[in-house]
Amino acid sequence: PETGETSEVAAAKTVTLPSGVTGGTFTLTVDSHKTSDLAYNATAAAVQSAVRAAGAADVTVSGAAGGPYTVNGASAVTANGGSLEGGSSTTVTVS
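First things first, this report covers the structure right here in the doc.

The rules behind these values
- Residues numbered from 1 in each chain as written.
- Predicted model: local features only at pLDDT ≥ 70, side-chain atom pairs only at ≥ 80, totals over all residues.
- Heavy atoms only, no water.
- Pairing = 2+ DSSP bridges.
- Helix = DSSP H or I, 4+ residues; strand = E, 2+ residues; numbered from the N terminus.
- Contact = heavy atoms within 4.5 Å.
- Axes fitted to C-alpha atoms, helices over the stretch in contact; angles between N-to-C directions.
- Core = buried A, V, L, I, M, F, W, Y, C linked by side-chain atoms within 4.5 Å.
- Buried < 20%, exposed > 50% of the residue type's maximum accessible area, 1.4 Å probe, protein only.

## Observations concerning the sheet that holds strand E5 (residues 60-63)
Next up, step 1: Read from one edge of the open sheet, four strands run E5-E6-E1-E8, paired in antiparallel fashion. If you trace the sheet from one side to the other, it starts and ends with E5 and strand E8 (93-94), each paired once.
Next up, step 2: One ladder, built from three bridges, connects strand E1 (residues 13-16) with strand E6 (residues 69-72); its direction is antiparallel. Each bridged residue has a counterpart across the sheet, and for Val-15 the counterpart in E6 is Tyr-69.
Next up, step 3: Docked against the sheet, helix H1 (residues 44-54) engages E5 and E6, running at close to 165° with respect to E5.

This is the structure in structure tokens:
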């Protein structure tokens, strides 16, 4: 950035699957790039690989297998948990 300008820094996003999920898949859309289906218990490394394969090359993902996951470097993250099974709901929250 030029002097006096600020660069836009994307805040970290936390992706949390619903409690009690025992199977199924979910997807993330990161800066308009949709991932392939992700297992309900995917590792952060697997989620990061899927996000990067979808086209969000500079995004990093950390966290425990099954989440919650912390997504860094993305300005917009949405999730679809419609194929999750056994949990309290199929709503994956992003905050």
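## Here we look at the nonpolar core
Next up, step 1: Among the nonpolar cores identified, the biggest contains 21 residues, and Phe-26, Leu-28, Val-30, Val-47, Val-59 and Tyr-69 are the most heavily contacted of them.
Next up, step 2: Contributing elements (two or more residues each) for this core: strand E2 (23-30), H1, E6 and strand E7 (77-85).
Next up, step 3: In terms of residue count, H1 provides more of this core than any other element does, four residues in total.
Next up, step 4: Discounting residues that sit within four places of it in the chain, Leu-28 has contacts with Val-15, His-33, Lys-34, Thr-35, Leu-38, Val-47, Val-51, Thr-78 and Ala-79.

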